[in-house]
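Examination of the molecular architecture
Given next are the chains, with one letter for each unit.
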Amino acid sequence: MERKTTQISQAEVERQLTLCDDICRVTGQWADKPLALVDTYGCQQNEADSERIRGYLERMGFGFTDDPEQARIIVINTCAIREHAEQRVLGNVGALVHTKRRHPEQLICLCGCMVQEKHVAEKIRQSYRHVDLVFGPHALWKFPEMVHTLLTQRGRIFSVADEAGSIAEGIPTVRQDGIKAWVSIMYGCNNFCTYCIVPYVRGRERSRAPEDILEEVRGLVAQGYKDITLLGQNVNSYGKDLPEPMDFSDLLSAVNDIPGEFLIRFMTSHPKDATHKLFETMARCEKVAPVLHLPFQAGNDRILKVMNRRHTIADYLAKIRDLKSLIPDIVLTSDIIVGFPGETTQEFEDTLKVLEEVRYDALFTFIYSPRVGTPAASMDDPMSREEKLANFNRLTALQDAISEEKHAAYIGKTVRCLVDALSDDSRYDLTARTPGNRLVRVVGDKSALGQFKDVKITGANKWSLFGELA
Ligand code: 5AD
Ligand code: SF4
């Protein structure tokens, strides 16, 4: 197995763009306007990958649709993090067999983390024969080449070889939003937490060159983007693999120095690599949003050890205290897994203690889901589903109460928020985000969309805040 990450040359990316132009000449001859449907599951990294798939498709001459009946090409970008995500994808892909029967010329493509798992790729090969193209995250950069082959030769293509991964610069993007943008700063993960499939499907950690990242952010700011999230599975280890090592805090400072009015966010951070220097940098850089997503997964040291998290709860809490002393109004969020193999209810209760101490603004909570090939999948897991669910419900009930209290404390305050969307709830005109990314449903003039505005907070519940433009 190749274990070195590679840089895809500029000439290779240019070749892909030339193939897009060749395809564009073909799609231009079609009787109907060529339309593509891109459906994305999972995390922001997948959203960012789908923006590049759309970028390539646009260059091939495609417009976009949400209707599978209208689409000449369908791309489903999948997630492997939990079983539920995989079941949903398989259900939806299965249903496309009928669509394809009605439109035999349709190309059905499956990409993303799930198809990088060997047993899933095999299942698609055997039982989902209407799928034409299957490619893992490592092969995304050569999507045009694969579409070109399918359009000229037909047949099926599977590009899911196991590799350490690569970096390709210069792939076009079509972004979904004009206000918020994702910028991948690194790919892959080296941590091998024992429950997690990501290192197996997304390869080793590799960092983009700082100048490429800074150029992308400068371009986004020039286009009017106001909220930029730097993405990576573990952004705190950014730069360790660069020829001239640069750490994540230095990158944050450099992004902060880009002129313009915009907010910088980042995710995800690993507690073992979150440093005092990072917290100081966050406190000093005025554009860095006062929010940190710092997953601790479980509150018990024995469980953390079996999870291979490589930190203790005491280390974690010391870091949180340090951060709170530097940024008292920091908004904190975390990921938690309930029901990891062998976790007892008593050990689970240590997770509740962390919630009481840290008082997160919001949590992303999951019941453990075994992933084929990870060490945890073969560990003894005696606790019943019902008991896990009961613990899970205790966790969410506690967090709901904390979120509600924290949200209530905003009432009466005026907060400078980014107005990020028109409201889909007719009682409000707009939605906005506090600097800490709490959702605010706002009454006010719709012309404020895309701007930073003072919002008077008039109400709150456990999910969101309510207010009016001041
Ligand atoms: N089961 C449940 N949750 C998981 N996560 C990762 N792998 C699993 C799994 N096998 C959660 C972790 C991670 C988040 C993105 O998903 O909490 O931080
Ligand atoms: Fe998965 Fe752990 Fe890497 Fe996060 S840090 S992607 S949980 S292996």
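Conventions and cut-offs
Residues numbered from 1 in each chain as written. Chains lettered and ligands numbered in written order. Predicted model: local features only at pLDDT ≥ 70, side-chain atom pairs only at ≥ 80, totals over all residues. Heavy atoms only, no water. Near = heavy atom within 4 Å. Nonpolar A, V, L, I, M, F, W, Y, C, P; charged D, E, K, R; others polar. Core = buried A, V, L, I, M, F, W, Y, C linked by side-chain atoms within 4.5 Å. Buried < 20%, exposed > 50% of the residue type's maximum accessible area, 1.4 Å probe, protein only. Domains from an automatic or database assignment. Contact = heavy atoms within 4.5 Å. Buried area = accessible area lost by both parts, 1.4 Å probe. Salt bridge = Lys/Arg side-chain N within 4 Å of Asp/Glu carboxyl O. UniProt positions renumbered as here; feature names shortened; annotations may be inferred. Helix = DSSP H or I, 4+ residues; strand = E, 2+ residues; numbered from the N terminus. Pairing = 2+ DSSP bridges. Axes fitted to C-alpha atoms, helices over the stretch in contact; angles between N-to-C directions. Polar contact = N/O pair within 3.5 Å; in protein donor to acceptor, adjacent residues only side chain to side chain. Areas by Shrake-Rupley, 256 points an atom, 1.4 Å probe, with all protein chains shown as cover. Left-handed = near helix turned anticlockwise from the far one by under 90°. Disulfide = S-S within 2.5 Å. Expected span 1.5 Å × (residues − 1).

Regarding the site of ligand 2
- As a matter of local geometry, ligand 2 sits amid Cys189, Asn191, Phe192, Cys193, Tyr195, Cys196, Val198, Pro199, Gln233, His270 and Arg309.
- Looking at the shell around ligand 2 residue by residue, the class counts come to seven nonpolar, three polar and one charged.

Considerations on the nonpolar core
- Among the nonpolar cores identified, the biggest contains 68 residues, and Val217, Leu230, Phe248, Phe266 and Met282 are the most heavily contacted of them.
- Membership of the second largest hydrophobic core comes to 29 residues, among which are Leu17, Ile73, Phe135 and Ile157.

Concerning the domain arrangement of the protein chain
- Taken domain by domain, the protein chain consists of domain 1 (6-166), domain 2 (177-264), domain 3 (290-408) and domain 4 (414-469).
- Each of domain 2 and domain 3 has a C-alpha centre, and these two points are 25 Å apart.
- At the interface, nine residues of domain 2 touch 16 residues of domain 3.
- Of all residues in domain 2, Thr194, Tyr195 and Ile197 give up the largest surface area on contact with domain 3, accounting jointly for 67% of the area buried on that side.
- Taken together, domain 2 and domain 3 are joined by zero salt bridges.

Topic: the UniProt feature "domain: TRAM" (unreviewed entry) in the protein chain
- When the UniProt feature table is mapped onto this chain numbering, "domain: TRAM" (unreviewed entry) sits at residues 408-470.
- The straight-line gap between the two end C-alpha atoms of residues 408-470 is 19 Å; of that span, 2% is helix and 51% is strand.

A word on the sheet that holds strand β2 (residues 35-40)
- Taking strand neighbours across the sheet as the criterion, the six strands line up as β3-β2-β4-β5-β6-β7 in an open arrangement whose pairing is parallel. Two strands lie at the open edges of the sheet, namely β3 (63-64) and β7 (157-159), each paired on one side alone.
- Two elements, β2 and β3, share two bridges in a ladder whose sense is parallel. Bridge pairing links leucine 35 to glycine 63 in β3.
- Along the sheet, helix α2 (residues 44-59) contacts β2, β3, β4 (73-78), β5 (107-112) and β6 (133-135); its crossing angle with β2, the most-contacted strand, is approximately 170°.
- Together, β4 and β5 form the strand contacts of helix α3 (residues 83-102), whose direction differs from that of β4 by roughly 170°.

Some points on the sheet that holds strand β15 (residues 331-338)
- Within the open sheet, the three strands sit side by side as β14-β15-β16. Their pairing is parallel. The open sheet is flanked by β14 (291-293) and β16 (362-367), the only strands paired with a single partner. With direction set aside, neighbouring strand axes in the sheet form an average angle of 10°.
- As judged from the three bridges shared by β14 and β15, these two strands associate in the parallel manner.

Let's talk about the side chain of histidine 130
- Positionally, histidine 130 belongs in the loop between α4 (118-127) and β6.
- Take histidine 130: its relative accessible area is 10%, and that puts it in the buried class.
- Among the polar contacts made by the side chain of histidine 130, one reaches the main-chain carbonyl oxygen of valine 93 at a distance of 2.7 Å.
- Excluding its chain neighbours within four sequence positions, the residues that come into contact with histidine 130 are Val93, Gly94, Leu96, Val97, Lys100 and Ile108.

Observations regarding the environment of valine 455
- Topologically, valine 455 is positioned in strand β20 (residues 452-460).
- Residue valine 455 is classed as buried on the basis of its relative accessible area of 0%.
- Valine 455 has contacts with Lys413, Thr414, Val415, Cys417, Val440, Val442, Gly467, Glu468, Leu469 and Ala470, leaving out every residue within four places of it along the chain.

Considering the site of ligand 1
- Around ligand 1 lies a shell formed by Ile81, Arg82, Tyr195, Gln297, Asp335, Ile337, Phe366, Ile367, Tyr368, Ser369 and Arg371.
- At a separation of 2.6 Å, an oxygen atom of ligand 1 approaches a polar side-chain atom of glutamine 297.
- In the environment of ligand 1, a nitrogen atom lies 2.7 Å from a nitrogen or oxygen atom belonging to the backbone of serine 369.
- Protein chains shield 86% of the accessible area of ligand 1, which is 400 Å² for the free molecule.
- Looking at the shell around ligand 1, the elements that each hand over two or more residues are β15 and β16.
- Each residue belonging to the shell around ligand 1 can be placed in one class, and the counts come to six nonpolar, two polar and three charged.

Some remarks on the packing of helix α7 (residues 210-222) against helix α8 (residues 248-256)
- Between α7 and α8, the least distance of the axes is 10 Å, while the angle of their chain directions is 30°. The two elements α7 and α8 meet at a crossing, and its hand is right-handed. Contacts from Pro210, Ile213, Leu214 and Val217 in α7 reach Leu251, Ala254 and Val255 in α8.
- Per-class residue counts for the contact of α7 with α8 are seven nonpolar, no polar and no charged.

As for the state of the cysteines
- Per the stated rule, a full pass over the model turns up zero disulfides.
- The thiol of cysteine 20 is unpaired, and the distance to the nearest cysteine sulfur, on cysteine 24, comes to 8.7 Å.

Comments concerning α3
- Between the first and last C-alpha of α3 there are 30 Å, a value that for 20 residues agrees with the 28 Å anticipated at 1.5 Å per step.
- The complete set of buried residues in α3 reads Ala85, Glu86, Val89, Leu90, Val93, Leu96, Thr99 and Lys100.

Quick notes on the UniProt feature "binding site: [4Fe-4S] cluster 2" (unreviewed entry) in the protein chain
- In this numbering, the UniProt entry assigns the feature "binding site: [4Fe-4S] cluster 2" (unreviewed entry) to Cys189, Cys193 and Cys196.
- Following the sequence through the fold, cysteine 189 ends up in the loop between β10 (186-187) and α6 (198-202).
- Under the relative-accessibility criterion, cysteine 189 is labelled buried at 9%.
- Discounting residues that sit within four places of it in the chain, cysteine 189 has contacts with Val198, Pro199, Gly203, Arg204, Glu205 and Gln233.
- Residue position: cysteine 193 is located in the loop between β10 and α6.

Comments concerning the environment of serine 9
- Following the sequence through the fold, serine 9 ends up in the loop between β1 (6-8) and α1 (10-27).
- For the pair serine 9 and glycine 170, spaced 161 residues apart in sequence, the C-alpha to C-alpha distance is 9.9 Å.

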